[in-house]
Structures are given as structure tokens and as C-alpha cells.
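Read off the chains here:
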Amino acid sequence: MTVRLRVLAALGAAAALTLTGCSSDGSGARPTAAASSSTDSAGPGTSTPTSPATVAPVSLTPGQQRVMAANRTLTTSLFTLTSASAGVRTASNLATQRQAVADALAAGRAALARERASAFGGVRDCTSVRDNAAATWSAAARARSAVAAEGSGTARMRASLGPLQAAAARVTSDLAALRSAVAAEAHPPTVLSTTEVQQALVAASTLQSTTLADAAATDAKGRAALGNAAQMSGSASTIASKAC
């Protein structure tokens with residue numbers, strides 16, 4: 001090949017490198033199709049490391065920041081509402097007091113039946129009459145005490161509704177604030193679902209209604225239990241005085 005042909009060939013190769021993308025610093029290093037697997041410029045058994053891709057941080061607009069702040073506030077309010085609901089359920093657990101009333105009344109009725117049998121069931125046993133009369137009076141006293149404990153329990157039930165109502169009002173207010181912030185932002189970020197928040201408010205309202213109804217029913221049963229206790233005590237006294 002002549003010198004002229006060799007020069008033309010070199011110029012053609014240089015042009016090809018330029019078209020396929022030479023390095024911008026003029027070093028003439030040949031680019032690779034995939035930098036992570038390039039071995040053209042490295043020695044045998046080596047590879048060229050690549051830099052990890054850099055993701056630019058997401059910048060929130062002032063409106064989006066207000067939305068997120070309102071969402072955090074509402075989340076905190078919902079947690080407070082959940083805690084208040086748990087407090088109402090705890091205060092409403094009067095199973096022990098109710099059972100104490102039922103047990104005392106059952107014991108009083110059983111003792112009164114034994115007293116009546118001892119007084120009028122054939123052979124009169126005044127000792128048994130007096131013992132069972134005393135057992136009836138004792139059971140009636142326990143019933144009155146248990147009813148008083150129930151009354152304290154229903155008072156706690158009603159008192160526990162105060163924090164629940166306050167928490168529900170706060171959630172309602174914070175939900176309105178969040179809606180306002182979302183409406184003012186063209187591209188609001190994802191926030192709490194309005195439907196879920198409304199469901200929590202409905203659940204709180206239902207809990208309040210059922211708690212008030214349960215407290216009223218418990219008080220009514222307590223008044224009835226006091227009447228039964230008084231009747232048992234009176235009957236025990238009447239039987240004892242007539243029989244012995």
C-alpha cells in the first residue's frame with residue numbers, strides 16, 4: 001500500500017471513531033456498548049467499574065408540604081381516637097360486677113328456700129330457720145354492694161365517653177383541614193383515605209351510643225336487683241318471726 005493510501009485509511013478510521021462517539025476529552029478512548037461489561041481497554045481478566053446512577057431528591061412544593069403536615073396531624077388524631085375507643089371498651093367491662101350481683105341474688109334465693117323449708121316443711125328447725133335467714137340477709141347485703149360497684153362502673157363508662165367525643169371532634173376538624181390543603185394543591189401527595197377516616201368516626205359514634213345504652217340497661221338491672229334483695233330480706237325476716 002502506498003503512503004497516500006495509508007494516510008487516507010487513517011483519516012477514514014479517525015472519522016469512524018468520531019461518528020461512533022469518541023471521548024470528549026480528546027483522548028480517543030473508544031466507547032463500549034455496555035460500560036459494565038467493557039473489556040476493550042482493560043487487561044485480561046479485568047472489567048471496567050461503573051458509577052451507580054444518581055437519583056435526584058424529590059422536592060415538595062410548599063402546598064405539598066402543607067398537605068403532608070395536615071396528613072400527619074390527622075394520623076395523630078386518629079391514633080388518639082383509637083386509644084379513646086379502647087378506654088371506653090375497658091371501662092365497659094363490668095362482667096365481674098354483673099356476675100357478683102347474679103351470684104348474690106342466687107345465693108339469697110337458695111337460702112330463703114331453705115329457710116322456708118325449715119320453717120314449714122314438716123319438722124320445724126328454728127336453728128336452721130335462723131341460720132338461713134341470716135344467710136339470706138347476708139346475700140342481700142352482698143347484692144347491694146355488687147349493685148353499688150356496678151353503679152360505679154357505669155359512671156366510669158359514661159366518663160370515658162368524654163375523651164372519645166373530644167378525639168372524634170379533633171379528627172373531624174383535622175380531616176377538614178386536610179381536605180382544604182388537598183384542594184389547594186394541584187398535585188397533592190397520597191394521604192389518608194377520607195372513607196377510612198369517616199368509617200372511624202362512624203365506629204366511634206356507634207360505640208358511644210351502645211355504651212350509653214349498655215350503661216342505662218345495667219343501671220336498670222341494678223335497681224331491679226336492689227328490689228329483689230329487699231324483698232328477700234323482708235321475706236326472711238317474716239318467715240323467721242312467724243316460725244320461731
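In the block above lies the structure referred to throughout.
Treat the numbers as computed from the prediction; the structure is a model and nothing was measured.

Visitor: What should I look at first to understand the environment of Val197 in this one?
Guide: Structurally, Val197 can be placed in helix α5 (residues 194-243). Taking relative accessible area as the criterion, Val197 reaches 2% and is therefore assigned buried. Ignoring any residue separated from it by four or fewer positions in sequence, one finds Val197 in contact with Leu74, Leu78, Val171, Leu175 and Leu192.

Visitor: Hey, could you run me through the packing of helix α2 (residues 62-91) against α5 in this one?
Guide: In a packed pair of helices, the relevant descriptors are the angle between the two axes and the axis-to-axis distance. Running from amino to carboxyl end, α2 crosses α5 at an angle of 20°, the nearest separation of the two axes being 11 Å. Comparing their axes, α5 and α2 come out roughly parallel. Handedness of the α2/α5 crossing: left-handed. Residues Leu74, Leu78, Leu81, Ser85, Val88 and Arg89 of α2 pack against Val197, Ala200, Leu201, Ala204, Leu207 and Thr211 of α5. In terms of residue class, the contact of α2 with α5 is made up of nine nonpolar, two polar and one charged.

Visitor: When you look at the pattern of salt bridges in this model, what are you seeing that I'm missing?
Guide: Between side chains of opposite charge, a pair can form when the charged atoms approach closely. The tally for this structure, following the rule as stated, stands at three salt bridges. A salt bridge links Arg98 to Asp214; the shortest N-O distance between them is 3.2 Å. One end of the pair, Arg98, is in helix α3 (residues 95-120); the other, Asp214, is in helix α5, with 116 residues separating them in the sequence. Here Asp214 falls in the partly exposed class, since its relative accessible area comes to 28%.

Visitor: I tried to follow the state of the cysteines on my own but got confused; where do I start?
Guide: A covalent bond between the sulfur atoms of two cysteines is referred to as a disulfide. All told, the structure shown has one disulfide when counted by the stated rule. A sulfur-sulfur separation of 2.1 Å characterises the disulfide bridge that pairs Cys126 with Cys244. A torsion of -100° about the S-S bond marks the disulfide between Cys126 and Cys244 as left-handed. Taken together, the residues Cys126 in helix α4 (residues 126-183) and Cys244 in the segment after α5 connect sequence positions 118 residues apart. Overall, the relative accessible area of 24% leaves Cys126 in the partly exposed class. A relative accessible area of 39% means that Cys244 is categorised as partly exposed.

Visitor: Please explain the packing of α2 against α4 as it appears in this structure.
Guide: Interhelical geometry of α2 versus α4 gives an angle of 165° and a closest axis separation of 8 Å. For the element pair α2 / α4, the angle class is roughly antiparallel. Like other packed secondary-structure pairs, α2 and α4 cross with a definite hand, here left-handed. Residue classes in the contact of α2 with α4 are distributed as 20 nonpolar, eight polar and four charged.

Reading the values: the criteria
Residues numbered from 1 in each chain as written. Predicted model: local features only at pLDDT ≥ 70, side-chain atom pairs only at ≥ 80, totals over all residues. Heavy atoms only, no water. Helix = DSSP H or I, 4+ residues; strand = E, 2+ residues; numbered from the N terminus. Buried < 20%, exposed > 50% of the residue type's maximum accessible area, 1.4 Å probe, protein only. Contact = heavy atoms within 4.5 Å. Axes fitted to C-alpha atoms, helices over the stretch in contact; angles between N-to-C directions. Parallel < 35°, antiparallel > 145°, perpendicular 65-115°, else oblique. Left-handed = near helix turned anticlockwise from the far one by under 90°. Nonpolar A, V, L, I, M, F, W, Y, C, P; charged D, E, K, R; others polar. Salt bridge = Lys/Arg side-chain N within 4 Å of Asp/Glu carboxyl O. Disulfide = S-S within 2.5 Å.

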